[in-house]
Amino acid sequence: MIIYNVTANIDESIHEEWLTWIKEHIPQVLATGKFEKATLTKVLVEEDMGGVTYSVQYRSYSREALDAYYKEDAEKLRIEGMKKFADKMLAFRTELEIIDEYTVSFK
């Protein structure tokens, strides 16, 4: 399984507007049918450049599903954010392959 991770640094002047937007954007990405779930997290490290940094981790069903997302959906969905927030948002994307998962439960 592959995690498609999008990390974005958001200028403080548009932070609240971006946060509202991303909470609408994530369901649109999930609606493509290429991912089983998404997790929105705030990065808790202060950036030298300022702003607020978030990570969205989309858990894809497979490599093929992620490749289909790139081919069929990614550009259209990225353009909206780029137009809306232009130079107030810096984003980069990474892919993570899940090797093993572990849990613990204490009784």
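Residues numbered from 1 in each chain as written. Predicted model: local features only at pLDDT ≥ 70, side-chain atom pairs only at ≥ 80, totals over all residues. Heavy atoms only, no water.

Per an unreviewed UniProt entry, the chain carries the name DUF4286 family protein and comes from Flavivirga spongiicola.

Participant: Can you explain helix H1 (residues 15-30)? Please cite residues and give values.
Facilitator: Between the first and last C-alpha of H1 there are 22 Å, a value that for 16 residues agrees with the 22 Å anticipated at 1.5 Å per step. Those residues of H1 that sit buried are His15, Trp18, Leu19, Trp21, Ile22, His25, Ile26 and Val29. (Helix = DSSP H or I, 4+ residues; strand = E, 2+ residues; numbered from the N terminus. Expected span 1.5 Å × (residues − 1). Buried < 20%, exposed > 50% of the residue type's maximum accessible area, 1.4 Å probe, protein only.)

Participant: An account of the sheet that holds strand E4 (residues 89-97) is requested, with residue identities and associated values reported.
Facilitator: If you walk across this open sheet you meet the four strands as E2-E3-E1-E4, and the pairing is antiparallel. Looking at which strands have only one partner, the edges of the open sheet turn out to be strand E2 (35-42) and E4. Across the sheet, the mean angle separating the axes of adjacent strands is 15 degrees when strand polarity is ignored. As judged from the nine bridges shared by strand E1 (residues 2-10) and E4, these two strands associate in the antiparallel manner. Directly across from Tyr4, in E4, lies its bridge partner Glu95. Its contacts with the sheet put H1 on E1, E2, strand E3 (52-60) and E4, and the angle it makes with E3 is roughly 5 degrees. With respect to the sheet, helix H2 (residues 63-85) is in contact with E1, E2, E3 and E4, its orientation differing from that of E4 by roughly 170 degrees. (Pairing = 2+ DSSP bridges. Axes fitted to C-alpha atoms, helices over the stretch in contact; angles between N-to-C directions. Contact = heavy atoms within 4.5 Å.)

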